[in-house]
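What follows is the residue order along each chain.
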Amino acid sequence: MTELAADDALALKREIRAWALCRGFQATGVSQVKLSADAQRLNEWLALGRHGEMDYMARHGSKRWTPAELVPGTLSVISARMDYWPADSADTLSVLEQPELGYVSRYALGRDYHKLLRSRLQKLADDIAQRIGPFGYRVFVDSAPVLEKPLARNAGLGWIGKHTNLIARDAGSYFFLGEIYTDLPLPPDSAVDDHCGSCTRCLDACPTGALPAPYQIDARRCISYLTIELHGPIPLELRPMLGNRIYGCDDCQLVCPWNKYARLAGEPDFRARHGLDASSLVELFGWDEATFLARTEGSAIRRVGYLRWLRNIAVALGNALRASRDPALVDALVQHAQHPSALVREHVAWALGQTGGAPARQVLDKALRSETDTGAIQEILAALAAN
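Residues numbered from 1 in each chain as written. Predicted model: local features only at pLDDT ≥ 70, side-chain atom pairs only at ≥ 80, totals over all residues. Heavy atoms only, no water.

## Remarks on the overall build of the protein
The condition is simple: Each helix corresponds to a stretch of at least 4 residues labelled H or I by DSSP, and each strand to a stretch of at least 2 residues labelled E; elements are numbered beginning at the N terminus. Contact between two residues is taken to exist if any of their heavy atoms lie within 4.5 Å; hydrogens are not considered. Only the protein chains shown count as covering a residue, and every accessible area follows the Shrake-Rupley method with a 1.4 Å probe. A positive count includes Lys and Arg, and a negative count includes Asp and Glu. His and the chain ends are not counted in either. Charge placement uses NZ in Lys and CZ in Arg. For Asp and Glu, CG and CD serve respectively.
If you tally the helices and strands in the protein, you get 16 helices and nine strands. Of all intrachain contacts in the protein linking residues separated by at least 6 positions in sequence, the fraction that spans at least 24 positions is 75%. Accessible area for the protein stands at about 16700 Å²; split by element, carbon and sulfur atoms hold 51% of it. Of the charged side chains in the protein, 43 are positive and 45 negative, and the gap between their average positions amounts to 1 Å.

## Structural notes on the sheet that holds strand 1 (residues 27-31)
Picture the strands of a sheet paired through backbone hydrogen bonds; they go either parallel or antiparallel. The condition that has to hold: For two strands to count as paired, DSSP must find a minimum of two bridges between them. Orientation is described by lines fitted to C-alpha atoms, with helices fitted over the stretch in contact, and by angles between N-to-C directions that extend from 0 to 180 degrees.
The four strands are arranged 1-2-7-4 in an open sheet whose pairing can be described as antiparallel. The strands lining the two open edges of the sheet, one partner per strand, are strand 1 and strand 4 (137-140). In this sheet, adjacent strand axes meet at a mean angle of 20° when their direction is disregarded. Pairing analysis gives eight bridges linking strand 2 (residues 76-83) to strand 7 (residues 175-182), with the strands arranged antiparallel. When the sheet's bridge partners are listed, Arg-81 is paired in strand 7 with Leu-177. Its contacts with the sheet put helix 5 (residues 113-132) on strand 2, strand 4 and strand 7, and the angle it makes with strand 7 is roughly 40°.

## With respect to the pairing of strand 3 (residues 101-104)
Where we set the bar: Under the scheme applied here, a residue whose accessible area is under 20% of the maximum for its type counts as buried, over 50% as exposed, and between as partly exposed, the area being computed with a 1.4 Å probe on protein chains only.
Neither face of strand 3 is left uncovered, since the one carrying Leu-101 and Tyr-103 and the one carrying Gly-102 and Val-104 both have all their residues buried. Bridge count for strand 3 against strand 9 (residues 279-280) is two bridges, and the pairing is antiparallel. Looking at the pairing, Leu-101 lines up with Ser-280 of strand 9. Bridging between strand 3 and strand 8 (residues 245-247) involves two bridges; their strand directions are parallel. Bridging across to strand 8, Val-104 finds its partner in Tyr-247.

## Structural notes on helix 2 (residues 36-47)
Since the α-helix advances by 3.6 residues per turn, residues separated by three or four positions end up pointing in the same direction. What counts, and what does not: To estimate how far a helix should extend, the number of its residues minus one is multiplied by 1.5 Å. This arc corresponds to the set of directions leading from the helix axis out to the C-beta atoms.
Taking 1.5 Å per residue as the helical rise, helix 2 with its twelve residues ought to reach 16 Å, and the 17 Å between its terminal C-alpha atoms agrees with that figure. Buried within helix 2 are the following residues: Asp-38, Ala-39, Leu-42, Trp-45 and Leu-46. One face of helix 2 carries all of its buried residues, which in axial projection span an arc of 125°. What points out from helix 2, more than 90 degrees from its buried face, is the exposed set Ser-36, Gln-40 and Ala-47. Summarising the contacts, the buried residues of helix 2 are in contact with helix 6 (148-154). Gly-49 sits one or two positions beyond helix 2 and adopts a positive phi of about 75°.

## Some thoughts on the packing of aromatic side chains
Spelled out, the test is: Each Phe, Tyr or Trp ring (for Trp, its six-membered ring) is paired with any other whose centre lies within 6.5 Å, and the angle between the two planes then decides the class: stacked below 30 degrees, edge-to-face above 60, tilted in between.
A complete count under the given rule lists 16 aromatic pairs for this structure. Between the aromatic rings of Trp-287 and Trp-309, the centroid separation amounts to 5.7 Å while the plane-to-plane angle is 20°, which identifies the pairing as stacked. One end of the pair, Trp-287, is in the loop between helix 10 (281-285) and helix 11 (289-295); the other, Trp-309, is in helix 12 (residues 305-324), with 22 residues separating them in the sequence. Overall, the relative accessible area of 0% leaves Trp-309 in the buried class. Aromatic side chains Phe-292 and Tyr-306 sit 5.8 Å apart centroid to centroid with 50° between the ring planes, which places their arrangement in the tilted category.

## Some remarks on the sheet that holds strand 3
An order of 8-3-9 is seen for the three strands of this open sheet, with the pairing classed as mixed. On the outer flanks of this sheet lie strand 8 and strand 9, each paired with one strand and no other.

## Quick look at the side chain of Ser-173
Put simply, the rule reads: Under this definition, polar contacts are N or O atom pairs within 3.5 Å; protein pairs additionally need one hydrogen-donor-capable and one acceptor-capable atom, and for neighbouring residues in sequence, both atoms have to be side-chain atoms.
With respect to the helices, strands and loops of the structure, Ser-173 is situated in the loop between strand 6 (166-167) and strand 7. Overall, the relative accessible area of 4% leaves Ser-173 in the buried class. A polar side-chain atom of Ser-173 sits 2.7 Å from a polar atom in the side chain of Gln-253. Contact partners of Ser-173, with chain neighbours within four places excluded, come to His-163, Leu-166, Ile-167, Gln-253 and Asn-259.

## A word on the state of the cysteines
We count it as follows: Any two cysteine sulfur atoms lying within 2.5 Å of each other are counted as a disulfide.
Counting across every chain of the model gives zero disulfides. Here Cys-206 is not disulfide-linked; the sulfur of Cys-222 is the nearest cysteine sulfur, at 6.5 Å. There is no disulfide at Cys-249, and the cysteine sulfur nearest it, in Cys-252, is 6.6 Å away. The exposure class of Cys-249 is buried, given its relative accessible area of 16%.

Shown next, in the form of structure tokens:
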């Protein structure tokens, strides 16, 4: 443990807040490391299987809710907030209302936040070390088993809303969180009271019913999980509910009254890149893998890989086709009807069945003769029946 007198610790905490502002964070707070109630909620959630394929959520046991087990000697956790809503991006609701456009969650429009926040937190730790000398710490940004939202809540940065995201009374919920686990005995801040009241707008707005009750989420139905975390086929019954959302979803936050206080990001790196705030689905579906890799370099989007990117867009194209029967959408889908990936072929076949009409039927008939994947065959047969 790094020794600090009580008055020195309080003064240092004030300095940390000032340094953090200079490093681009909008708020910081300090929490103690007791998370027993949150551990119980996590384990109940895991027991219900609501984490889906995110097996990593069940790993590491008590290290996830006992910071001193993850980083021995940890006495305090510094939580930091950085706002991400991109300035000058296309109007969100307008994009969602245009089926032929692809909707990307606004946090992912700019550069990947992991490296940026980690670098800023490291600089903040350097500031501390320059002031007091070497001390024990470790920086985290979605990079280890850390209960970041409960820690941030306990640090006074906000409360966990009914949609399970953290909400700051003066800044809404469009922000990233990062942590410094430290052996400094810093005085903790007080947790913030819940201010959701009787509001259920987030629950009512969820397109797939992924919020079965206040403060509960079933990731298996969440569009962010389906388009980012899920590796296999998107469940049939949920595909129409995705609309044109091809990477993540913001609906539960868009309707939250507290986001009227949300602030535009001050970081240029969070601005939308390559027109992804309002791109045509047909254009995006036309990217080859090299283009995908080039356009998503340094972006969080790259983590889904090219095949899941095509899977997601195929579903969105099918939903757009059901709404408009635009021949251009059929033409785009036909280009990937015999893609090397069975995952892509399956979702393209489903999309053509939404319905692509006679041109789609001709392509599907041909595809059926050479198809060997069971899932793709089932989708082709269903699409042929629909056409």
